Amino acid sequence: MPQTIDHPVVVLLRLEGVAACAVGLVGYFALSDSWLMFALFALAPDLAMLGYVFGPKVGARLYNVAHTYVAPLSLAALGVWAVPDVLSIACVWLVHIGVDRALGYGLKSETAFGLTHLGPVGRRV
């Protein structure tokens, strides 16, 4: 039986997603005003779901790498120190993850696609 998460914790994690989304949006539009680039990169992290073609373990791991805050924040650090052109992409990536978290889509379990660190997908909080 999957472990459930306390409602207040899930609410905090979803609010964290809203905050990440807001920071990413502000950062992106401070750096760029291109809606086209935003639209092109907004769903790019979901391409990691193609890993599920190789099974749930590979799929979950690729999805989780693409949907953890570590990835866009590392890209942003690279942008600050060496390659400023990637900052906008890092901001869009942060927006994507923030929206996912705010909607309740968390990091995937290797045992079941619908089971995430925020609880089962589709469960209302």
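Each remark here, short or long, concerns the structure printed above.
Structure report, in brief. (Residues numbered from 1 in each chain as written. Predicted model: local features only at pLDDT ≥ 70, side-chain atom pairs only at ≥ 80, totals over all residues. Heavy atoms only, no water.)

## Observations regarding the environment of His 96
The condition that has to hold: Elements are defined by DSSP. Helices are runs of H or I of four residues or more, strands are runs of E of two residues or more, and each kind is numbered from the N terminus. Think of it in three bands: residues with accessible area under 20% of the maximum for their type are buried, residues over 50% are exposed, and the middle band is partly exposed, with areas taken using a 1.4 Å probe on protein chains only. Contacts were defined at the residue level, with two residues in contact if any of their heavy atoms lie within 4.5 Å. Pairs of N or O atoms are called polar contacts if they sit within 3.5 Å, as long as, within protein, a hydrogen donor faces a hydrogen acceptor (for residues adjacent in sequence, only side-chain-to-side-chain pairs).
Within the fold, His 96 resides in helix α5 (residues 87–103). Take His 96: its relative accessible area is 6%, and that puts it in the buried class. When the C-alpha atoms of His 96 and Ala 44 are compared, they prove to be 8.7 Å apart, with 52 residues separating the residues in sequence. If we skip the residues at most four places from it in the chain, His 96 touches Ala 42, Leu 43, Pro 45, Asp 46 and His 67. From its side chain, His 96 meets the backbone oxygen of Ala 42 in a polar contact 2.6 Å long.

## Some remarks on the nonpolar core
Basically, it comes down to this: In this description, a nonpolar core means a group of buried Ala, Val, Leu, Ile, Met, Phe, Trp, Tyr and Cys residues linked to one another through side-chain atoms lying within 4.5 Å.
Counting seven residues, the largest nonpolar core consists of Cys 21, Tyr 28, Phe 38, Ala 42, Cys 91, Val 92 and Val 95. If you list the elements that add at least two residues to this core, you get α1 (7–31), α2 (35–42) and α5. Considering every element that reaches this core, the biggest residue donor is α5, with three residues. Judged by nonpolar contacts, the second largest core, of five residues, contains Leu 75, Ala 76, Leu 87 and Ala 90.

## Section: the pattern of salt bridges
Should their charged atoms come close, side chains of opposite charge can pair. So the rule is basically this: For this analysis, a salt bridge means a side-chain nitrogen from Lys or Arg found within 4 Å of a carboxyl oxygen belonging to Asp or Glu.
On inspection of all chains with the given rule, the structure shows one salt bridge. Glu 110 is paired through a salt bridge with Arg 61; the nearest N and O atoms lie 2.6 Å apart. Of this pair, Glu 110 sits in the loop between α5 and β1 (115–116) while Arg 61 is found in helix α3 (residues 56–66), placing the two residues 49 residues apart along the sequence. For Glu 110, a relative accessible area of 32% puts it in the partly exposed group.

## Description of a nonpolar patch on the surface
Keep this limit in mind: Here a patch means residues that are over 30% exposed by relative accessible area and free of salt bridges, tied together within 9 Å if like-charged and within 5 Å if nonpolar (Val, Leu, Ile, Met, Phe, Trp, Tyr). Using the Shrake-Rupley algorithm and a 1.4 Å probe, accessible areas are obtained, with residue cover drawn only from the displayed protein chains.
Taken together, the side chains of Val 11, Leu 12, Leu 15 and Val 18 present a nonpolar region at the surface, about 350 Å² in accessible area. As for its position among the elements, Leu 12 is in helix α1.

## Considering the side chain of Asn 64
Looking at the secondary structure, you find Asn 64 in helix α3. Excluding residues within four positions of it along the chain, Asn 64 makes contact with Leu 107 and Lys 108.

## Considering the packing of α1 against α5
Stated formally: Where helices are involved, their axes are fitted lines through C-alpha atoms of the stretch in contact, as for all axes, and angles between N-to-C directions lie from 0 to 180°. Reported orientations rely on four angle classes, namely roughly parallel under 35 degrees, roughly antiparallel over 145, roughly perpendicular from 65 to 115, and oblique for the rest. Two helices cross in a left-handed way if the nearer one is turned anticlockwise from the farther one by less than a right angle. They cross in a right-handed way if the turn is clockwise.
Taken N-terminus to C-terminus, the directions of α1 and α5 make an angle of 155 degrees; their axes are 7 Å apart at the nearest point. Relative to α5, α1 is oriented roughly antiparallel. As for the relative orientation of α1 and α5, their crossing is left-handed in sense. Mapping the contact onto sequence places Leu 13, Arg 14, Gly 17, Val 18, Ala 20, Cys 21, Val 23, Gly 24, Leu 25, Gly 27, Tyr 28 and Leu 31 in α1 and Leu 87, Ser 88, Cys 91, Val 92, Leu 94, Val 95, Gly 98, Val 99, Arg 101, Ala 102 and Leu 103 in α5.

## Some thoughts on the environment of Asn 64
The class for Asn 64 is buried, based on a relative accessible area of 18%. As for Asn 64 and Ser 109, which are separated by 45 residues in sequence, their C-alpha atoms are 8.9 Å apart.

## Regarding α5
Definition in use: Here the expected length of a helix is defined as 1.5 Å per residue gap, with one fewer gap than residues.
Along its 17 residues, α5 runs 25 Å from first to last C-alpha, staying within 8% of the 24 Å computed at 1.5 Å per residue. Across the 17 residues of α5, 12 count as buried, placing the element largely inside the fold. Those residues of α5 not exposed but buried are Leu 87, Ser 88, Ala 90, Cys 91, Val 92, Leu 94, Val 95, His 96, Ile 97, Gly 98, Asp 100 and Arg 101. Directly after α5, the chain includes Gly 104, whose backbone phi takes a positive value near 95 degrees.

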